[in-house]
Amino acid sequence: MPIGVDIELAIQLLREGKLVAIPTETVYGLAANGLDENAVTSIYKAKNRPFFDPLILHCATIQMVERITSRITEDARKLAETFWPGPLTLLLPKANEVPYLVTSGSYFVAVRIPKHPLTLSILKELDFPLAAPSANPFKYISPTKAIHVAQQLGNQVDYILDGGECSVGIESTIVDCNQEQPIILRLGGLKIDDIEMCLGKKVLLQTQENSNPKAPGQMDKHYAPITPIYLVDNIETYLKENYNLNIGALTFGATKIDSPNTINLSASGNLDEAARQLFSSLRKLDDQKYNRIIVQLLPNEGLGIAINDRLKRAAAKE
Ligand code: TXA
Ligand code: MG
């Protein structure tokens, strides 16, 4: 599988219904023609993803979004105008053209305009949207560098477009504004505060329901490394009490912990930096084959809320 920056090749492969990994500001996506059922099927297969977990459609323009959806509420339009291109995904009623395979049978389709120059230039050349889930095997950590995709899905993709390291580092925030009260279906790279400020109203968080959730990808166990991960109250104490174990730790902010088995997400305590570093740090710790990885929850504000959501899911037992 070649990795490179050949936009023309990527466009040609996508027109042929092939799979191309694409960079976005959030995480890398595993992309294919979102209106072609065969191409979409190959995404599910490559990821080993169940068909009941629907895919996001990526567009370059609001015109394309309007083509693949049937109604955009005023709230949805406000968010789109303010935050696109950016880490926002809107759930909108789908147009007939969108296969139910993309939405797992739902009348609603998840749509976003990503913010990455390479991917936007490809999308502008295509007359179809790109279906793209995060380019990782089902349930594993999302990729934030081209090499992550190569390591895990290298044999399944026809080309990996290398757009460098993702600038946000965690997935998009998914919002349903089809009713009066906007609902957050997945916490992500766009902060709740910014959404509420834009709409001038409170949003409802509906990210913990797992029985029959609107975003079926929001299962308990998700974003997980292979090494068992534990949420602890205090990393320092835990390390002292379990000195006999081979433990890797993910820390944040100023800390006195002096162990080579530790990665700090942001020594200066910056939550945006922590989001950017989160998945690649978890991968690095996972590669060390520790007995376990321990982590403490971050301050529950700004992107810390979405980071904590991922840490809890990564630590959840099956
Ligand atoms: O930042 C992102 O959103 C990245 C980049 C590549 O765009 N994509 C991403 O896709 O995270 P994925 O497939 O890993 O996660 C998409 C989530 C899943 O939890 C899925 O269940 C939910 O979006 N979703 C997609 N379509 C939906 C729909 N029609 N209704 C409800 N939830 C949907
Ligand atoms: Mg994913």
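Scroll up to find the structure.
Here the structure is a predicted model, which means the values were calculated and not measured. (Residues numbered from 1 in each chain as written. Chains lettered and ligands numbered in written order. Predicted model: local features only at pLDDT ≥ 70, side-chain atom pairs only at ≥ 80, totals over all residues. Heavy atoms only, no water.)

**Q** Help me get a handle on the overall build of the protein, residues and values and all.
**A** Scanning the protein from N- to C-terminus turns up 11 helices and 15 strands. For 318 residues, the compact-globule formula gives about 20 Å, and the C-alpha radius of gyration of the protein, at 19 Å, lands near that figure. If you line up the protein on its principal axes, its C-alpha atoms span 60 × 45 × 35 Å. Across the 318 residues that make up the protein, the buried fraction comes to 57%. (Helix = DSSP H or I, 4+ residues; strand = E, 2+ residues; numbered from the N terminus. Rg over C-alpha atoms; globule rule 2.2 N^0.38 Å. Buried < 20%, exposed > 50% of the residue type's maximum accessible area, 1.4 Å probe, protein only.)

**Q** How would you sum up unusual backbone geometry? Please name residues and give values.
**A** Cis geometry marks the peptide bond from Trp84 to Pro85; its omega dihedral reads -5°. Structurally, Pro85 is set in the loop between helix H4 (74-83) and strand E5 (88-93). Residue Ser104 is not a glycine yet carries a positive backbone phi of 55°. Here Ser104 lies in the loop between helix H5 (100-103) and strand E6 (108-112). Residue class for Ser104 comes out partly exposed when judged on its relative accessible area of 29%. Even without a glycine there, the phi angle at Lys289 is positive, about 55°. With respect to the element layout, Lys289 can be found in the loop between helix H10 (271-287) and strand E15 (292-295). Residue class for Lys289 comes out exposed when judged on its relative accessible area of 65%.

**Q** Lay out the nonpolar core with the relevant residues and their values.
**A** Considering soluble globular proteins, one finds that nonpolar side chains tend to be buried as a cluster. Leu79, Leu90 and Leu278 are the most contacted members of the largest nonpolar core, which has 94 residues in total. Looking at this core, the element that brings in the most residues is H10, giving 7 residues. Sequence-distant contacts of Leu79, defined by excluding residues within four places in its chain, comprise Trp84, Leu88, Leu90, Val175, Cys177, Ile195, Cys198 and Leu199. (Core = buried A, V, L, I, M, F, W, Y, C linked by side-chain atoms within 4.5 Å. Contact = heavy atoms within 4.5 Å.)

**Q** Give a description of empty space enclosed by the protein that names residues and reports values.
**A** Picture a little ball the size of a water molecule; that probe, rolled over the atoms, points out where space is still empty. For the structure shown, the criterion picks out 1 cavity of 30 Å³ or more. Roughly 50 Å³ of internal volume is contained in the largest cavity. The wall of the largest cavity is formed by Thr173, Leu187, Gly188, Leu190, Lys191, Ile192, Gly302, Leu303, Ile305 and Ala306. By residue class, the composition of the lining of the largest cavity is 6 nonpolar, 3 polar and 1 charged. (1 Å grid on protein atoms, 1.4 Å probe; cavity = no way out; pocket = protein on both sides within 12 Å on 5 of 7 lines; lining within 4 Å. Points joined across faces, edges and corners; volume = space filled by probe spheres on them. Nonpolar A, V, L, I, M, F, W, Y, C, P; charged D, E, K, R; others polar.)

**Q** Can you tell me about the layout of surface pockets, naming the residues and giving the values?
**A** There is about 180 Å³ of room inside the second largest pocket. Considering the residues around the second largest pocket, the lining is formed by 13 residues, among which Ile235, Phe252, Thr255, Ile257 and Gln296 are closest to the centre. Of all the secondary structure elements, the ones that give two or more residues to the lining of the second largest pocket are helix H9 (235-241) and strand E13 (247-251). When the residues that make up the lining of the second largest pocket are grouped by side-chain class, the tally is 8 nonpolar, 4 polar and 1 charged.

**Q** With reference to specific residues and values, describe the packing of aromatic side chains.
**A** Tallied over the entire structure, the rule returns 2 aromatic pairs. The interplanar angle of 45° and the centroid separation of 4.7 Å between the aromatic rings of Tyr44 and Phe51 together place this pair among those described as tilted. Judged by its relative accessible area of 1%, Tyr44 is buried. Given a relative accessible area of 44%, Phe51 falls into the partly exposed group. An angle of 80° between the planes, with centres 6.2 Å apart, marks the rings of Tyr100 and Tyr107 as edge-to-face. Residue class for Tyr100 comes out partly exposed when judged on its relative accessible area of 41%. Exposure remark for Tyr107: the relative accessible area of 62% places this residue in the exposed category. Sitting over the ring of Tyr100, Lys94 keeps its end group 4.1 Å from the ring centre. (Phe/Tyr/Trp six-rings, centres within 6.5 Å; stacked < 30°, edge-to-face > 60°. Lys NZ or Arg CZ within 6 Å of the ring centre and 35° of its normal.)

**Q** Residues and numbers for the pattern of salt bridges, please.
**A** Inspection of every chain in the model, using the stated rule, returns 12 salt bridges. With its nearest N and O atoms 3.3 Å apart, the salt bridge here joins Lys201 to Glu180. Separated by 21 residues along the polypeptide, Lys201 in the loop between helix H8 (192-199) and strand E11 (204-205) and Glu180 in the loop between strand E9 (173-176) and strand E10 (183-186) bring together distant segments of the chain. The exposure class assigned to Lys201 is partly exposed, which follows from its relative accessible area of 24%. We classify Glu180 as exposed; its relative accessible area is 65%. Between Lys202 and Glu196 there is a salt bridge whose closest N-O contact spans 3.4 Å. Of the residues examined, Glu196 reaches a relative accessible area of 15% and is grouped as buried. (Salt bridge = Lys/Arg side-chain N within 4 Å of Asp/Glu carboxyl O.)

**Q** Report on the sheet that holds strand E7 (residues 130-131), specifying residues and quantitative values.
**A** Either a parallel or an antiparallel arrangement is found when strands of a sheet pair, and the pairing is made through backbone hydrogen bonds. Reading across from one edge, E1-E8-E2-E3-E7-E4-E6-E5-E9-E10-E11 is the order of the 11 strands in this open sheet, with mixed pairing throughout. With partners counted over all chains shown, the strands left at the sheet margins are strand E1 (3-4) and E11, one partner each. Relative to strand E8 (residues 159-161), strand E2 (residues 20-22) runs parallel, the two being bridged by 2 bridges. Of the residues in E8, the one forming a bridge with Val20 is Tyr159. (Pairing = 2+ DSSP bridges.)

**Q** Can you tell me about the environment of Gly164, naming the residues and giving the values?
**A** Along the polypeptide, Gly164 turns up in the loop between E8 and E9. Between the C-alpha atom of Gly164 and that of Glu25, which follows or precedes it by 139 residues, the distance is 9.8 Å. Among residues more than four places away in sequence, those in contact with Gly164 are Tyr28, Thr144 and Lys145.

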